Amino acid sequence: GYAARPVGGGRAGAALARQSQHLSAAQLAALQSGAAYVCIGPASPDEQAREILRDSEAVALLTDDAGLARSRRAGFGIDRTMDVVEHLARTRHPAPPLPPVPWLTPASLAYLIYTSGTTGRPKGVMIEHHSIVNLVQSDLEEFALSPADRVVQGSSPAYDSSVEETWLALAAGATLVVMDDDAARLGPDLVSWLRRERVTVFCPPPTLLRATGCVDPEAALSELRLLYVGGESLPQDVADRWARGRRMVNGYGPTECTVTALRGDIRPDQPVTIGHPVPGARAWVWNAALEEVGDGERGELCLGGVGLARGYRTQPGLTAERFPVHPRFGRIYRTGDWVHRGPDGSFFCHGRMDAQVKLRGYRIELEAIESRLAEC
């Protein structure tokens, strides 16, 4: 029913609570219509929602009653807004499937994710279909999930890790278990929730694992077979404690490279690594002149391959700066992260080259906060 209003090649906004089953339906409806989607977190400030709707040039907004009021505050036309909950309630029969979109290609836009910008203005990262399809295919091969698995969805829909969480489950026919916000925020309640929901796959930021206070995760969560962490640095003590009794994988990837670009298995009492590039991705350690440094030497991690975003929407200058064309390897992405490569080809991350920080997995540019303060 959601796809009954095709929106062509434009962008469709989705402003729905993460716990709502209508969110996934709205995302799929946008894709089925040939549009790209952009999610607006229900907790994000009205000003940010207004900026995202403006910058993305969304042609439609799929939302609920609370979102309707918010869209009015953002000045988004009511004629372009659909209350999907109310629409579903009065839809008596399933809509017939839409015919395939003839002009849709692997290079068509699939979604936009807005991340923190140094000026305070969020920047929209444009991800194409072939990029996310490549990641999902590699996930299926790497993790071999089955319909028996129960996968947690705990990330905000405005954050790109939610994309991989969702398709880890749906592409394998597994069950997607949506975490309630209290469990997502309050660590001590998390272990009992995971046990009660019989979760087998969990993809949290490491901060959340530490916040549980769990002293023996191996005994407390015997059904949890895969722990796939990412979004921020993995501390050694968290790795040592949580890697026992299950497979633990550390994923690394900026939004600009489609969620995950490298990943590696973590073993207790072994150094924490971000692993190797996922299939279809390439990784190098370069100096400021974009020349490769030797194994063991620190340099900037630069990425290439099918996962590279199209760029930043409406910001060609920033796109050219962050996605330069290398004379030997073509278009790349400069991550701004210090790394070194070990003798076996594994990569080790040493933090940022700039003032960007991660807070519970969310990217924040400190210059953005400075910019806001300067306005006061």
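Our subject is the structure that appears above.
Below: a short report on this structure. On a predicted model such as this, the values are computed, not experimentally measured, just so you know.

Some thoughts on the overall build of the protein chain
Part 1: Counting its regular elements, the protein chain contains 13 helices and 22 strands.
Part 2: Relative to the 2.2 N^0.38 estimate, which gives 21 Å for 376 residues, the radius of gyration of the protein chain is 21 Å and therefore close to what a compact globule would have.
Part 3: Seen through its C-alpha atoms, the protein chain measures out along the principal axes to roughly 60 × 50 × 50 Å.
Part 4: Here the protein chain holds 376 residues, and 53% of them are scored as buried.

A word on the pattern of salt bridges
Part 1: All chains considered together, the criterion is met by 20 salt bridges.
Part 2: Between Asp-46 and Arg-73 there is a salt bridge, and its shortest N-O distance comes to 2.6 Å. Here Asp-46 is found in helix H2 (residues 46-56), whereas its partner Arg-73 is found in helix H3 (residues 65-73), with 27 residues between them in sequence.
Part 3: By relative accessible area, which is 26% here, Asp-46 ends up partly exposed.
Part 4: Here Glu-57 makes a salt bridge to Arg-313, at a shortest N to O gap of 2.6 Å. Highlighted residues: Glu-57 in the loop between H2 and strand E3 (58-63) and Arg-313 in the loop between strand E16 (311-312) and helix H12 (316-322), separated in sequence by 256 residues.

A short note on the packing of aromatic side chains
Part 1: Summed over all chains, the structure comprises seven aromatic pairs.
Part 2: Taken together, a centroid distance of 5.7 Å and an interplanar angle of 25° make the contact between Tyr-37 and Tyr-111 stacked. With Tyr-37 in strand E2 (residues 36-39) and Tyr-111 in strand E5 (residues 109-115), this pair connects stretches of sequence that are 74 residues apart.
Part 3: Judged by its relative accessible area of 2%, Tyr-111 falls in the buried class.
Part 4: Taking the centre distance of 5.8 Å and the plane angle of 25° together, the rings of Trp-286 and Phe-329 count as stacked. One end of the pair, Trp-286, is in strand E14 (residues 281-286); the other, Phe-329, is in the loop between strand E17 (325-326) and strand E18 (330-331), and 43 residues separate them in sequence.
Part 5: According to the relative accessible area criterion, Phe-329 is partly exposed, its value standing at 21%.

Procedures and definitions
- Residues numbered from 1 in each chain as written.
- Predicted model: local features only at pLDDT ≥ 70, side-chain atom pairs only at ≥ 80, totals over all residues.
- Heavy atoms only, no water.
- Helix = DSSP H or I, 4+ residues; strand = E, 2+ residues; numbered from the N terminus.
- Rg over C-alpha atoms; globule rule 2.2 N^0.38 Å.
- Buried < 20%, exposed > 50% of the residue type's maximum accessible area, 1.4 Å probe, protein only.
- Salt bridge = Lys/Arg side-chain N within 4 Å of Asp/Glu carboxyl O.
- Phe/Tyr/Trp six-rings, centres within 6.5 Å; stacked < 30°, edge-to-face > 60°.

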